[in-house]
Amino acid sequence: MSVKRVAVLVSGGGTNLQALIDSRDRGELGENCTLSLVLSSASDVYALERAKKAGIPSIVVERKGKKRETFTRKVIEALLGNNIDLVVLAGFMCIMGPEFTKVFENRVINVHPALIPSFCGDGFYGLKVHEKALEYGVKVSGATVHFVNEITDGGPIIAQKALEVRDDDTPETLQRRIMEQCEWRLLPVAVRLFCDGRLAVEGRKVYIKKEENI
Ligand code: GAR
């Protein structure tokens, strides 16, 4: 099996990127995966520092001041130019044009900090997701890793993990627990499964193939 070149797209602190780097350093991403590129939508984010420390090449494609189509095209060009096999949206706060998922069909993975189809879609990102979940009064929340299609947060689900919401949770405490217990664990597992060729998409469903069936 050929080694998959993975690009991680970021827009902020990059703790999910860090979870991938730490997994790589522990050997948990396996031998079919290489973190080849970090692409950021802004130049002043800490995620770029994390990439540098981890020895991963990075590029910035500024979202600000560009039309969505122009931004999408520039990102696609950068990814194709780096022979990327898998694109991971890890706290990437930009909605892409439809061309993106056409070029990288079933090759883009996103991590969302809620149990899709709750608290997702346009306008649900970062801390806002947790504010809305607490306002609604849900007793469980969690994270979802899914393939990206043309609908925001609407693609086939790869993995989900739930946790209990506490009475005294604030958006910040809930966000932190969901990151630590759900996002940072699910994302590296999903990336490894993809790179090992173990994810099969059939319509809305993702099946995880047993190792002996690859
Ligand atoms: C994470 O909680 C991620 O799931 C969320 O933003 C945070 C980014 O953190 N993403 C979205 O809301 C996308 N819809 P990070 O930059 O530290 O990984």
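This text follows the structure it describes.
Residues numbered from 1 in each chain as written. Predicted model: local features only at pLDDT ≥ 70, side-chain atom pairs only at ≥ 80, totals over all residues. Heavy atoms only, no water.

### Quick look at the pairing of strand 6 (residues 140–147)
Here's step 1: Of all eight residues in strand 6, seven are buried, a share of seventy percent or more.
Here's step 2: Pairing geometry for strand 5 (residues 108–112) and strand 6, over four bridges, is antiparallel. From the neighbouring strand, His-112 faces strand 6, where its bridge partner is Thr-144.
Here's step 3: Pairing between strand 6 and strand 7 (residues 157–164): seven bridges, direction antiparallel. Directly across from Val-145, in strand 7, lies its bridge partner Ala-159. (Buried < 20%, exposed > 50% of the residue type's maximum accessible area, 1.4 Å probe, protein only. Helix = DSSP H or I, 4+ residues; strand = E, 2+ residues; numbered from the N terminus. Pairing = 2+ DSSP bridges.)

### A closer look at helix 3 (residues 68–81)
Here's step 1: With 14 residues, helix 3 should reach 20 Å at 1.5 Å per residue; the first-to-last C-alpha distance of 20 Å fits that figure.
Here's step 2: Structurally, helix 3 contributes buried residues whose contacts are with strand 1 (4–10), strand 2 (33–40), strand 3 (58–60), strand 4 (86–89) and helix 4 (99–103).
Here's step 3: Trailing helix 3 by a residue or two, Asn-83 shows a phi angle of about 50°, which is positive. (Expected span 1.5 Å × (residues − 1). Contact = heavy atoms within 4.5 Å.)

### Topic: the packing of helix 5 (residues 127–136) against helix 6 (residues 171–195)
Here's step 1: Where helix 5 meets helix 6, the axes come as close as 9 Å, and the angle between the chain directions of the two elements is 115°. With respect to helix 6, the axis of helix 5 lies roughly perpendicular. Between helix 5 and helix 6 lies a crossing of right-handed hand. Contacts from Leu-127, His-130, Glu-131 and Leu-134 in helix 5 reach Pro-171, Glu-172, Leu-174, Gln-175 and Ile-178 in helix 6. (Axes fitted to C-alpha atoms, helices over the stretch in contact; angles between N-to-C directions. Parallel < 35°, antiparallel > 145°, perpendicular 65-115°, else oblique. Left-handed = near helix turned anticlockwise from the far one by under 90°.)

### Description of the packing of aromatic side chains
Here's step 1: The tally for this structure, following the rule as stated, stands at four aromatic pairs.
Here's step 2: Their ring planes at 75° and their centres at 6.0 Å tell us that Phe-119 and Tyr-136 sit as a pair that is edge-to-face. On the criterion of sequence distance, the pair formed by Phe-119 in the loop between strand 5 and helix 5 and Tyr-136 in helix 5 is long-range, its members being 17 residues apart.
Here's step 3: According to the relative accessible area criterion, Phe-119 is buried, its value standing at 16%.
Here's step 4: Judged by relative accessible area, Tyr-136 falls into the exposed class, the value being 66%. (Phe/Tyr/Trp six-rings, centres within 6.5 Å; stacked < 30°, edge-to-face > 60°.)

### What to know about the site of the ligand
Here's step 1: Close to the ligand lie 14 residues, the nearest being Gly-14, Thr-15, Asn-16, Gly-126 and Glu-183.
Here's step 2: Interatomic distance of 3.0 Å between a side-chain N/O atom of Asn-16 and an oxygen atom of the ligand.
Here's step 3: Contact with the protein chains covers 92% of the free accessible surface of the ligand, which is 450 Å².
Here's step 4: For the shell around the ligand, the elements supplying multiple residues, two or more each, are helix 1 (15–25), strand 5 and helix 6.
Here's step 5: The residue makeup of the shell around the ligand, split by class, is six nonpolar, seven polar and one charged. (Near = heavy atom within 4 Å. Polar contact = N/O pair within 3.5 Å; in protein donor to acceptor, adjacent residues only side chain to side chain. Areas by Shrake-Rupley, 256 points an atom, 1.4 Å probe, with all protein chains shown as cover. Nonpolar A, V, L, I, M, F, W, Y, C, P; charged D, E, K, R; others polar.)

Treat this as a map of the structure, not an account of what it does.
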